[in-house]
Each structure stands twice: as C-alpha cells, then as structure tokens.
Amino acid sequence: MATAMNLLETLGNLERKSFLSLLSNLIGESRHVQNNPPELIPEEDRVVKHVLNSLLASSTTTGGGPLILNHVTYLPGRGNLIVEYPGTVPGKILSFVGCHMDVVTANPKDWDFDPFTLSIDGDKLRGRGTTDCLGHVALVTELMRKLGETKPDLKSTVVAVFIANEESGVVTGVGIDALVQHGLLNKLKQGPMFWIDSAGKQPCIGTAGMIAWKLHVTGKPLHSGLSDKAINSLELAMDAIKEIQLQFYRDFPPHPQEQAYGFAIPSTLKPTQWSYPSGGINQIPGECTISGDVRSTPFYDVKDVKMKLQEYVDDINENVQKLESRGPVSKYVLSDENLRGRLTLTFDEVLPGVACDLNSRGFHVLCKATEEVVGHVKPFSVTGSLPLIRELQDEGFDVQSCGYGLTETYHANNEYCLFTDMSQGYQVLGSIITQLED
C-alpha cells in the first residue's frame, strides 16, 4: 500500500497548465450552463464533455486506466458524471460531491470583463463559475486524472460526483436528487462525503434554513382625507409585520448550539420587498404585499417555523381589532360596514438548514488537512443557505463541506478565484485521501 508520504508525492501539486486549460474550456461553456428557468436552461453535458476528455485516457472505457466513468442523464443534455477510482478494501470509500456544472446568470453589461471567457490577472482567474462552481469541477477533475494516471495502490475507493442542476430548485429529478433516488450513490454512505462547493478554504460546518414568504394585506382604499372610513393596508402591513417578528423572536430565540457551531447571528425574520398598486399621493391603498425571508439556524426545523408563521397570521386575522394601530382614526375594522383588514400568507422556496457532524472522522481529517495546508483551521457557519446537503444527511450520508473559491465573489459580478487557493484545495483533498488510508 502507498505510504502517506509516497501518496502525497505521487499526487504532487495542482498542475497549472493542465488546470487552466480545462478551466478555460469550462468557463467557455458558462454562457450555456446558466440556470434560471424557464428563460435559461443549462446544458450541463457541455461541461461533462470536457471533463470526460480529461479522464477518458485513464479510464476503463478506453482501457487506458482504472477510472470508471458513469455518465448519467435524466433529461437530454443535462447529465451528471460519476467517476470512481477503485480501492482494494471492499466498503472502504470516500467521495467528493457537490461540484455542480451549472452557474448563476451573468449580464456582461454589468461586468468589467467578459464573464463567459476565462481571463487571467496574475493569481486571479476571472469568469462566471470560477468560484461557484466550475473552478471546483476543474480542481476535482485534475485530482481524479492524477489518480488515474499514477495508479497509486489505495485501500479506499475514491469517488467524484459532478452534478447537474444545483442553482435552481424549479426543475427537479435532474441532478443529485435523482442520483440518490435511483440508488446510484448508496455505497457512498459507507464513508465520509465531502461537498466541494463553499468558499474560504475552511470547513463550513453549518448553514441556515431559508423560508421565502409573501404577506398580502387587504384593507379598504379611500381618499386620504377620509382616513377614518378606510383600512390602510400599508399601516396594517407594518403593524402586522412588527407583531409577527415579536412572536417569531420569542419562539425562536438564539439556540445554545449556535455558539458551538460559530454562527455569528441567530435566526432572523425580516421583510425585504414591498409592492402595492400605483395611485395618487392622496389615495389610501387598499392592498399591498410584503415579501421577505426567514433564515433559521439548523437547530430549528423549517417545518415548525412555517407552521408557527401561519399561526401568527391566523391569530392576527382573528383578532385584528386588537392589533396596535396608528393615531386616533387609524383602524383595521370598520364595524358599520362589516369590513376587516385581512392577511394572506404564502410561501415560496424553502430550504432546510445544515449542521455537519462534528464527531465524524470526515470532519476531523478535513480539519487536519486544512491546518496542514492552509496553516490554520477555523470551522465556520453562515446564515446563508446551501441546497441539497440536508437532504443527503437525511438519506444517511455523512456530509462535510468545504470550498476554495472566494466568499466575496460568490454569485457576484466580476467573479474570480485565486489559483493559489485552488492549489491549496488540491493539497487538502490529497491529504484527506492520505489520512483515510489509515
């Protein structure tokens, strides 16, 4: 078996020329893998083509090497790719998952450079997908290529899963959800799974759940000089939101586990958008809609949060006459007209939060590898949200999360990553493989 030192020497460092050549091809496809249905449907097989071109020479498909390639497609042009380097010990396995082949949209008019062509500025590798997540696709491809070419004698089977359809939940049954449903990843439950799609070079151990909500408020429109005979939907919305927030923070206070996981802030509920029919300055609006989101730390179930939000709204509707109003004539019930202000709550996207297992061997080897390569380790949690990971945890996978892009360019205009960060990522993944040989 390969010793730790020999294996690290065999894997070596990330080869700049090969990595940049592949990344250039991938960024060149980024225009065609933007994911914003129904307008933009990604064609992930454009990325698969380049990954296969890098790996075929060392695969069982051509007879040139040990890599087992499985191109799995559930919709035309929208494939996933499972790459396996076989080990010698049955059931001993680790996997690198989450490298997705779709990207968020980019408007070239808002960028200082062409988002759909890789450009290099010193250490900066610029273009849509460099940080999220085509840079990671290229990184893990290079790792698997090196394994296939050098053929180290490993106990562990190493699997890489490149997935479709991470950036949008509108269409399902395309990416990793379908792979899990069809049992193609079942054996990965036997070992740690590393989700390579975050940023900052440190273990990401927690993310928030997210609930997108809309509160439609119905009152009674009238001339502003007759406010005693109107129900001002804007005032009702403001007072209702205040009451909903007060109840939310009573029911979902800071959780003791948040400190252990390093969350900077607790669960929050806040409005972020407001819309209402146009009208004159002297018209009291009869309806409006406030939209916002909940970010709940993973120690609260998003299903429970949704249920509570509906309870708050139901209670306000039933007792709207008790809701604190504004001024001597502002009211939310017009008894002589049998009219009551009313709230209607609806939900859009809902994502569960993630708390990685801090007792997992996968977590410990990730931390050790990070400290060895980066020079320090500081696991972190964010109240942003990552899709899909919690669903994998619920299916029985031991998922840890890390990534080597830049947080400040994630989903941003003028996206870029650093070659030095990706190089360190390559070394971290190599150290993980090496440690798990013991």
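Residues numbered from 1 in each chain as written. Predicted model: local features only at pLDDT ≥ 70, side-chain atom pairs only at ≥ 80, totals over all residues. Heavy atoms only, no water.

**Concerning the UniProt feature "domain: Peptidase M20 dimerisation" (unreviewed entry) in the protein**
The positions that UniProt labels "domain: Peptidase M20 dimerisation" (unreviewed entry) are, in the present scheme, residues 205–319. Each end of residues 205–319 is marked by a C-alpha atom, and these two atoms are 42 Å apart; helix forms 37% of the span and strand 30%. (UniProt positions renumbered as here; feature names shortened; annotations may be inferred. Helix = DSSP H or I, 4+ residues; strand = E, 2+ residues; numbered from the N terminus.)

**A short note on the sheet that holds strand β19 (residues 398–402)**
Taken together, the six strands give an open sheet; going across it, the order is β1-β2-β6-β3-β7-β19, and neighbouring strands pair in mixed fashion. Among the strands making up the open sheet, the edge pair consists of β1 (68–73) and β19. Between one strand axis and the next, the sheet turns by 20 degrees as a mean value, whatever way the strands run. Where β1 lies against strand β2 (residues 79–85), six bridges are found, and the strand directions are antiparallel. Bridging across to β2, V72 finds its partner in N80. Against the sheet, helix α9 (residues 361–374) touches β7 (192–196) and β19, its axis set at about 20 degrees to β19. (Pairing = 2+ DSSP bridges. Axes fitted to C-alpha atoms, helices over the stretch in contact; angles between N-to-C directions. Contact = heavy atoms within 4.5 Å.)

**As for helix α3 (residues 45–55)**
Here α3 has its buried residues at V47, V48, H50, V51, L52 and L55. On its buried face, α3 is in contact with α2 (16–27), β1, β2, α4 (134–150) and β6 (157–163). (Buried < 20%, exposed > 50% of the residue type's maximum accessible area, 1.4 Å probe, protein only.)

**Quick word on the sheet that holds strand β18 (residues 380–382)**
Sheet architecture is open: three strands sit in the order β17-β8-β18, paired in mixed fashion. In this open sheet, the two strands that pair with only one neighbour each are β17 (354–355) and β18. Pairing analysis gives two bridges linking strand β8 (residues 204–207) to β17, with the strands arranged antiparallel. Each bridged residue has a counterpart across the sheet, and for G206 the counterpart in β17 is A355.

**Examining the nonpolar core**
Grouped together as the largest cluster of nonpolar side chains are 57 residues, with contacts concentrated most on F19, F96, M144, F162 and I432. Considering every element that reaches this core, the biggest residue donor is α4, with eight residues. Those residues in contact with I432, other than ones at most four positions away along the chain, are L94, F96, F194, V365, L366 and A369. Residues L236, I241, I316 and L334 belong to the second largest nonpolar core, which totals 30 residues. (Core = buried A, V, L, I, M, F, W, Y, C linked by side-chain atoms within 4.5 Å.)

**Section: the packing of helix α6 (residues 233–251) against helix α8 (residues 302–318)**
Where α6 meets α8, the axes come as close as 10 Å, and the angle between the chain directions of the two elements is 140 degrees. Considering the angle they form, α6 stands oblique to α8. Between α6 and α8 the crossing geometry is right-handed. Judged by residue contacts, A240, E243, I244, Q247, F248 and D251 of α6 engage V305, K308, L309, Y312, V313, D315 and I316 from α8. (Parallel < 35°, antiparallel > 145°, perpendicular 65-115°, else oblique. Left-handed = near helix turned anticlockwise from the far one by under 90°.)

**Here's the deal with the packing of aromatic side chains**
Any aromatic ring pair is given by two values, namely how distant the centres are and how the planes are angled relative to each other. Across all of its chains, the model carries eight aromatic pairs by this definition. Look at F248 and F252: their rings are 5.2 Å apart centre to centre, the planes differ by 35 degrees, and that puts the pair in the tilted class. Exposure class is identical for F248 and F252. Each is buried. With a centroid separation of 5.2 Å and an interplanar angle of 90 degrees, the aromatic rings of F252 and Y300 are classed as edge-to-face. Here F252, found in the loop between α6 and α7 (256–261), pairs with Y300, found in the loop between β13 (287–296) and α8; they are 48 residues apart in sequence, far enough to count as distant. Put simply, the rings of F248, Y249, F252 and Y300 touch in pairs and so form one group of aromatic residues. Seen from the ring of F419, R16 lies directly overhead, with NZ or CZ sitting 4.8 Å from the centre. Above the ring of Y416, the side-chain terminus of K124 is found at 4.7 Å from the ring centroid. (Phe/Tyr/Trp six-rings, centres within 6.5 Å; stacked < 30°, edge-to-face > 60°. Lys NZ or Arg CZ within 6 Å of the ring centre and 35° of its normal.)

**Here we look at the pairing of β2**
Taking burial as the measure, the seven residues of β2 include seven buried ones, the bulk of the element. Burial along β2 is two-sided: G79, L81, V83 and Y85 facing one way and N80, I82 and E84 facing the other are all buried. A loop of five residues connects β1 with β2, the two strands running antiparallel in sequence, and G77 in this loop sits at a positive phi of about 80 degrees. With five bridges connecting them, β2 and β6 associate as antiparallel partners. The partner of V83 across the bridge, within β6, is A160.

**A word on the packing of α3 against α4**
Across the interface, α3 lies against α4 with an axial gap of 9 Å and an inter-helix angle of 20 degrees. One way to sum up the angle between α3 and α4 is to call them roughly parallel. At the point where α3 passes α4, the crossing takes the right-handed sense. Facing V47, V51, S54 and L55 of α3, the residues of α4 in contact are L134, V137, T141, M144 and R145. Looking at side-chain class alone, the contact of α3 with α4 contains six nonpolar, two polar and one charged residues. (Nonpolar A, V, L, I, M, F, W, Y, C, P; charged D, E, K, R; others polar.)

**Quick word on the state of the cysteines**
The full count for this structure, using the stated rule, is zero disulfides. Of all cysteine sulfurs in the structure, the one in C133 sits closest to C99, which takes part in no disulfide; the separation is 4.9 Å. In this model C417 remains outside any disulfide bridge; the closest cysteine sulfur is found in C133, 11 Å from its own. (Disulfide = S-S within 2.5 Å.)

**Observations regarding the environment of L23**
Looking at the secondary structure, you find L23 in helix α2. Residues L23 and T130, 107 residues apart in the sequence, show an inter-C-alpha distance of 7.9 Å. Excluding its chain neighbours within four sequence positions, the residues that come into contact with L23 are L118, L125, L134, G135 and A138.

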